[in-house]
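Summary of structural features
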Amino acid sequence: MASSLTKDSPNSGEKTFFGHPRGLATLFMTEMWERFSYYGMRALLPLYLIAPGGLDMDAGTATAIYSVYLSLVYLLAMPGGWFGDRVWGPRKTVAIAGGVIMLGHLTLALPSEGTFFAGLGLVAIGSGLLKSNISTMVGHLYDGPEDPRRDGGFTIFYMGINMGAFAAPLVIGTVGENVNWHLGFALAALGMGLGVVQFLMGTRHLNERSLVVPKPLSKDERAATLRKSMIWLGVAAVFYIGTVVTGVYTLNWLLVPITIAGLVIPVMVLTRIKRDKELSASEQSKMTGYIWFFVAAAIFWMIYDQGGSTLSIFAESSAENSVFGWDFPVSWYQSVNPVLIMALAPVFAALWLALNRRGKEPSTIVKFSSGLVLVGASFFVFLMPLTIAGDGHKAAAMWLVAIYFIQTVAELTLSPVGLSVTTKMAPEKYASQMMGVWFLAVTAGDCTTGLLSLAGVELNGTGVVALEATLAVAAGIAIFMYRGKVKKLMGEVR
């Protein structure tokens, strides 16, 4: 398929991918198939957990598992990047990651609760390994940050993400819900398998830098790392074997430590960077300003990621999932966001450019606060279908579509800005690590959701939804009101 999307370069006669290096086609297809498998499984996950023919869990436990799983994917992106930088190099790490993800989906396809959780763990590990390194390889295709094709290349690459995310619920979701849950998970494995095959076939088009381990571990470092890893693994094994043998083990023994770690680790990482005495006064100031963005982002993702859990579980039980009398699977709601991203992203890019030419483009702070207010507004809208369902009626599907629409606009306002401000405000010493720090905001948000669920909080209750909505709107207003102070902390960054 990659070759059919290539064309001859008018300058060199070499084949390109829409004017970009051919290696972009390889990475585009790899990411598309990986996202196809990931989003397909993700669309099925909460529905399978609550289904009588699945694991038949209550909504709170299902939401907790879903949230912990998402948090792990983003939490493991940091060690995944570390493996690429210090152990295997980006190309080898991505190839291994694809195999781990495929094995995880195959394990999910086995009809057993034990293998199901093992499969979730494997997919999370593989996704963490792949996430940072495949983006690194996209950057390797270009002649440094000043290459004029670079931004366009990343735009095409992210289109692959959304193409895979759009198609996955329609294919995997339909098969999983209407035919067999485990066959749906097996289709996710097939998708990742296709991604691995075409990645291995297309590696000759990638930059040779992707084979290089940028900062390989020394012999002593490798031995120390292995020793520490085995000690921690041994402690965990002894602890969990002990809980099983004594008969006190429950699922919470696994979920609660992960959610707490997902909240503690981001605080530890930010504190360590902030206290680094090697940072200049300017870098210290920027890190103080960045913490505002980080906390706000955690609140944003706490609400946004419930689109796949709280909203999906609500749709399963309380929504009229039909259009003009035609019924559709609940998992199809998860295709709304990616199709809207593909439709609206060019509109937003053109809008910001047009406003910039007139000197009226909103600042980073204004965009960020707008995203928070909008995601809060989406949950205020959620109160309407909740009220309708509370009166004993089924809520119309368009209520949910409206919520996803508002959240997508919020995402386009906040997420690209968050990525950009992370790279701009990163201290030079931590330049390569700060993208992982941004992912930790997602981890913190999802772990908050998981902890609330484990504490017995009913996340689709009107009171809780109203409280979350108010929190997001208040956070957005606070950032806007204190924009002068935050702008001063940001220094020259705008």
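Bear in mind the structure is a predicted one, so any value in this text is a computation, not a measurement.

1. Some words on a nonpolar patch on the surface
Together, Phe239, Val244, Val248, Tyr249 and Trp253 line one region of the surface with nonpolar side chains, adding up to about 440 Å² of accessible area. Residue placement: valine 244 occurs in helix α8 (residues 219–245). A residue is classified by how much of its surface remains accessible, and valine 244, at 53% relative accessible area, is exposed.

2. Considering the environment of alanine 475
Mapping alanine 475 onto the fold places it in helix α16 (residues 462–481). Residue class for alanine 475 comes out buried when judged on its relative accessible area of 15%. Separated by 99 residues in sequence, alanine 475 and glycine 376 have C-alpha atoms that sit 9.4 Å apart. In contact with alanine 475, other than residues within four places in its own chain, are Ile299 and Leu372.

3. A few points about the packing of helix α1 (residues 23–50) against helix α7 (residues 181–202)
It is the contact of α1 with α7, at a shortest axis distance of 8 Å, that shows an interaxial angle of 165 degrees. Overall, the two elements α1 and α7 adopt an arrangement that is roughly antiparallel. Crossing of α1 against α7: the hand is left-handed. A per-class count over the contact of α1 with α7 returns 16 nonpolar, 9 polar and 1 charged.

4. Looking at the side chain of threonine 26
Within the secondary structure layout, threonine 26 lies in helix α1. Since its relative accessible area comes to 3%, threonine 26 is described here as buried.

5. Considering the environment of valine 256
Among the secondary structure elements, valine 256 is positioned in helix α9 (residues 252–274). With relative accessibility at 28%, the residue valine 256 sits in the partly exposed group. Distance in space between the C-alpha atoms of valine 256 and serine 229 is 21 Å, their sequence separation being 27 residues.

6. Thoughts on the layout of surface pockets
The computed volume of the second largest pocket comes to approximately 400 Å³. In terms of lining residues, the second largest pocket is bounded by 17 residues, among which Phe117, Ala118, Tyr249, Leu254 and Ile258 are the most central. Top element by residues in the lining of the second largest pocket is helix α5 (residues 113–140). It accounts for 7 residues.

7. A word on the nonpolar core
If you look at the biggest cluster of nonpolar residues, it comprises 98 residues, and the most contacted ones within it are Tyr69, Phe116, Leu120, Tyr290, Tyr333, Phe368 and Leu400. With sequence-adjacent residues up to four places away left out, tyrosine 290 is seen in contact with Leu270, Val421, Thr422, Met425, Met434, Val437 and Trp438. Judged by nonpolar contacts, the second largest core, of 25 residues, contains Met32, Ile101, Phe157 and Leu206.

8. Brief notes about the packing of helix α10 (residues 281–304) against helix α15 (residues 434–454)
Two numbers describe how α10 lies on α15: the axes approach to 7 Å, and their chain directions differ by 40 degrees. The orientation of α10 relative to α15 falls into the category oblique. Classified by chirality, the crossing of α15 by α10 is right-handed. Contact residues: Met287, Tyr290, Phe294, Ala297, Ala298, Trp301 and Met302 in α10; Met434, Val437, Trp438, Leu440, Ala441, Val442, Ala444, Gly445, Asp446, Thr448 and Thr449 in α15. Here the contact of α10 with α15 is composed, by residue class, of 14 nonpolar, 3 polar and 1 charged.

9. Comments concerning the pattern of salt bridges
Enumeration over the complete set of coordinates arrives at 5 salt bridges. Taking the shortest distance from any N to any O, the salt bridge between glutamate 278 and lysine 429 comes out at 3.2 Å. Highlighted residues: glutamate 278 in the loop between α9 and α10 and lysine 429 in the loop between α14 (397–425) and α15, separated in sequence by 151 residues. Overall, glutamate 278 belongs to the exposed group, its relative accessible area being 64%. The exposure class of lysine 429 is partly exposed, given its relative accessible area of 43%.

10. Remarks on the side chain of serine 309
Secondary-structure assignment places serine 309 in the loop between α10 and α11 (310–318). Given a relative accessible area of 1%, serine 309 falls into the buried group. Contacts of serine 309, omitting those with residues within four sequence positions, involve Pro46, Thr63 and Tyr66.

11. So, the packing of aromatic side chains
Scanning the model with the defined rule gives 29 aromatic pairs in all. Here the aromatic rings of phenylalanine 116 and phenylalanine 117 are separated by 5.5 Å at their centres, their planes lie at 85 degrees, and the arrangement is edge-to-face. By relative accessible area, which is 0% here, phenylalanine 116 ends up buried. Taking the centre distance of 4.9 Å and the plane angle of 75 degrees together, the rings of phenylalanine 293 and phenylalanine 368 count as edge-to-face. On the criterion of sequence distance, the pair formed by phenylalanine 293 in helix α10 and phenylalanine 368 in helix α13 (residues 364–390) is long-range, its members being 75 residues apart. Comparing phenylalanine 293 with phenylalanine 368, the two get one shared label, buried. Above the plane of the ring of phenylalanine 439 lies lysine 131, whose end atom (NZ or CZ) is 5.6 Å from the centre. Its end group placed over the ring of tryptophan 352, lysine 367 keeps NZ or CZ at 4.4 Å from the ring centre.

12. Details of helix α3 (residues 77–86)
When α3 is considered as a whole, its buried residues turn out to be Ala77, Gly80, Gly81, Gly84 and Arg86. In this structure, the buried residues of α3 make contact with α2 (59–75), α4 (90–108), α5, α8 and α15.

13. Thoughts on unusual backbone geometry
Excluding glycine, residues mostly have negative phi values, and the peptide bonds linking residues are mostly trans. One non-glycine residue with positive phi stands out, namely aspartate 56, at about 55 degrees. Residue classification places aspartate 56 among the exposed residues on the basis of a relative accessible area of 52%. For phenylalanine 324, which is not glycine, the phi dihedral falls at a positive 50 degrees. Assignment of secondary structure puts phenylalanine 324 in the loop between β4 (322–323) and β5 (326–327).

14. Considering α2
Between its terminal C-alpha atoms α2 stretches 24 Å, which fits the 24 Å expected from 17 residues at 1.5 Å a residue. Counting buried positions along α2 gives 13 out of 17 residues, so the element sits mostly inside the fold. For α2, the N-terminal cap is aspartate 58; the gap from its side-chain oxygen to the backbone nitrogen of glycine 60 is 3.1 Å.

Calculation notes
Residues numbered from 1 in each chain as written. Predicted model: local features only at pLDDT ≥ 70, side-chain atom pairs only at ≥ 80, totals over all residues. Heavy atoms only, no water. Patch = residues over 30% accessible without salt bridge, like charges linked within 9 Å, V, L, I, M, F, W, Y side chains within 5 Å. Areas by Shrake-Rupley, 256 points an atom, 1.4 Å probe, with all protein chains shown as cover. Salt bridge = Lys/Arg side-chain N within 4 Å of Asp/Glu carboxyl O. Helix = DSSP H or I, 4+ residues; strand = E, 2+ residues; numbered from the N terminus. Buried < 20%, exposed > 50% of the residue type's maximum accessible area, 1.4 Å probe, protein only. Contact = heavy atoms within 4.5 Å. Axes fitted to C-alpha atoms, helices over the stretch in contact; angles between N-to-C directions. Parallel < 35°, antiparallel > 145°, perpendicular 65-115°, else oblique. Left-handed = near helix turned anticlockwise from the far one by under 90°. Nonpolar A, V, L, I, M, F, W, Y, C, P; charged D, E, K, R; others polar. 1 Å grid on protein atoms, 1.4 Å probe; cavity = no way out; pocket = protein on both sides within 12 Å on 5 of 7 lines; lining within 4 Å. Points joined across faces, edges and corners; volume = space filled by probe spheres on them. Core = buried A, V, L, I, M, F, W, Y, C linked by side-chain atoms within 4.5 Å. Phe/Tyr/Trp six-rings, centres within 6.5 Å; stacked < 30°, edge-to-face > 60°. Lys NZ or Arg CZ within 6 Å of the ring centre and 35° of its normal. Expected span 1.5 Å × (residues − 1). Polar contact = N/O pair within 3.5 Å; in protein donor to acceptor, adjacent residues only side chain to side chain.

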